[in-house]
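Remarks on the overall topology
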Amino acid sequence: MPFHREPLRIMSSGQVHWVVAVSKKTFQKMIKGKKYCRRPYEIRLKDDKEKLKVFTGEKIKDHVYTSADEYYRCNGSSLILNQTSENLCNIRNGSIDVILTDPPYYDNLIYSDLSAFFYVWIKDRISFGHDDITDKSIFVASDKDKGPEQYVQQLTRVFRECYQKLKDNGIVVFSYHHNKVEAWISLARSIKDSGFVVTNVLPIRSEGNSAYHSSERSIKWDSIIVLRKKETTVPGADICSSDEMLRFCIQELKMKKSDVISFFRSLKLKEYVNHGLNAFHENDPGQFFDTYNKDIINAFENYNSINE
Ligand SMILES: C[S@@+](CC[C@H](N)C(=O)[O-])C[C@H]1O[C@@H](n2cnc3c(N)ncnc32)[C@H](O)[C@@H]1O
């Protein structure tokens, strides 16, 4: 079964060691989450190094609905729907303030394969088969008949649904990173075809060491991408020149080259979605998304020679 970073280790005794290790970690995370619900806290910085937990006195406790009809009928506040986001017809149009999401990163991970592991235990409690999960799952893997065009089509349907469900002044916020330019072009096409505009793009340090995406070579910074229905002036967005931004990414944020390239492609995504391609790049969007690659490589050489 092709999941996680390491293969299962089945010992001569018949014990499956790796699965035991993963389950333990997963349960520890769940216990941590439960404890947090009972006594939520905020993290405040005491000084540059020390972090403080500030307990807010709240409790996170709610009735969670799993049917949209019931949720609306009972005026509920939490609803979990276990379904594809390509069809959100059970959510009322124009009713959502914020959509906070994390879409599939092109060909990075095939989540439906990961879910095969858990499916064995949950299959009696859900009303769909594993093939259905794979069909609806969004990712690129040519050996599973999931090409880049299908990725764009599926993701476009998701963003169109988000557009319909969002209030006129609502926002969509999501994270993305990728080292392949095709991944950025596909994402940009999906957003553009949905009608959204990109009003901000910000870098944020992503997952820690234990996460599935992490390895020495993997990208460590996500781009946080903000979408709105109409172009809005966002204070702080676009105040930097590309040179200043490069210096900030390399010297202040200490990004690696692959992180900077990924982040600068997200800045180009904003330009692409909001203003389209110019005639020069019309037949070569890859070149458009890689406009800054040479500058980035030069900047690394310059900063390295300064530091030597
Ligand atoms: C980048 S991951 C998000 C991971 C998540 N932030 C987490 O920490 O577990 C992308 C997610 O999109 C989900 N996904 C794939 N196809 C989907 C679809 N059609 N509708 C809704 N979610 C989908 C995957 O199952 C996966 O959980």
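Preceding block: the structure.
Described in the following lines is the structure provided in the data block. Just so you know, these numbers come straight off a predicted model, no measurement behind them.

Reading the values: rules and limits
- Every chain begins its residue count from 1, and numbering advances along the sequence as written.
- Thresholds applied to this predicted model are a pLDDT of at least 70 for local features of residues and 80 or more for the giving and counting of side-chain atom pairs; totals over whole chains, interfaces and linings are not thresholded and use all residues.
- Any residue surrounded by 20 or more other C-beta atoms within 10 Å of its C-beta is treated as buried, while 12 or fewer makes it exposed and the intermediate range makes it partly exposed; C-beta atoms here are placed from the backbone.
- Helix and strand definitions follow DSSP, with helices as H or I runs of at least four residues and strands as E runs of at least two, each counted in order from the N terminus.
- When DSSP finds two or more bridges between two strands, those strands count as paired.
- Any set of buried Ala, Val, Leu, Ile, Met, Phe, Trp, Tyr and Cys residues joined through C-beta atoms within 7 Å is what this text calls a nonpolar core.
- C-beta atoms are first placed from the backbone for all residues, and any pair lying within 7 Å is then listed as a contact.
- Structural elements are reduced to axes, namely lines fitted to C-alpha atoms, with helices fitted over the stretch in contact, and the angle between N-to-C directions of any two is expressed from 0 to 180 degrees.

Here the focus is the pairing of strand E2 (residues 51-55). Counting buried residues in E2 gives 0 out of 5 residues, a small share hidden from the surface. In the sheet, strand E1 (residues 41-45) pairs with E2 via 5 bridges, with the strands oriented antiparallel. Bridge pairing in E2 links Glu42 to Val54. Here E1 folds back onto E2 in antiparallel fashion, the turn holding 5 residues.

Of note, Asn75 is a non-glycine position whose phi angle comes to about 55°, a positive value. The topology assignment puts Asn75 in the loop between helix H2 (68-73) and strand E4 (78-79). The exposure class of Asn75 is exposed, given the 6 C-beta atoms found within 10 Å. Even without glycine at this site, Asp145 takes up a positive phi of about 60°. Inspection of the secondary structure puts Asp145 in the loop between helix H4 (130-136) and helix H5 (148-165). Given 8 C-beta atoms within a 10 Å radius, Asp145 is considered exposed.

Let us look at the nonpolar core. Among the nonpolar cores identified, the biggest contains 42 residues, and Trp184, Leu187, Ala188, Ile191, Val198, Val260 and Leu269 are the most heavily contacted of them. Looking at this core, the element that brings in the most residues is helix H8 (residues 257-275), giving 8 residues. Discounting residues that sit within four places of it in the chain, Val198 has contacts with Ile191, Ile225, Val226, Leu227, Leu269, Lys270, Val273 and Asn274.

Judged by pairing direction, the sheet is mixed, and its 4 strands sit side by side in the order E5-E6-E8-E7 without closing on themselves. Edge positions in the sheet fall to strand E5 (96-101) and strand E7 (197-205), since each has one partner strand and no second. The sheet shows a mean angle of 15° between the axes of neighbouring strands, taken without regard to direction. Packing against the sheet, H5 makes contact with E5 and strand E6 (166-176), and its axis sits at approximately 145° to E6.

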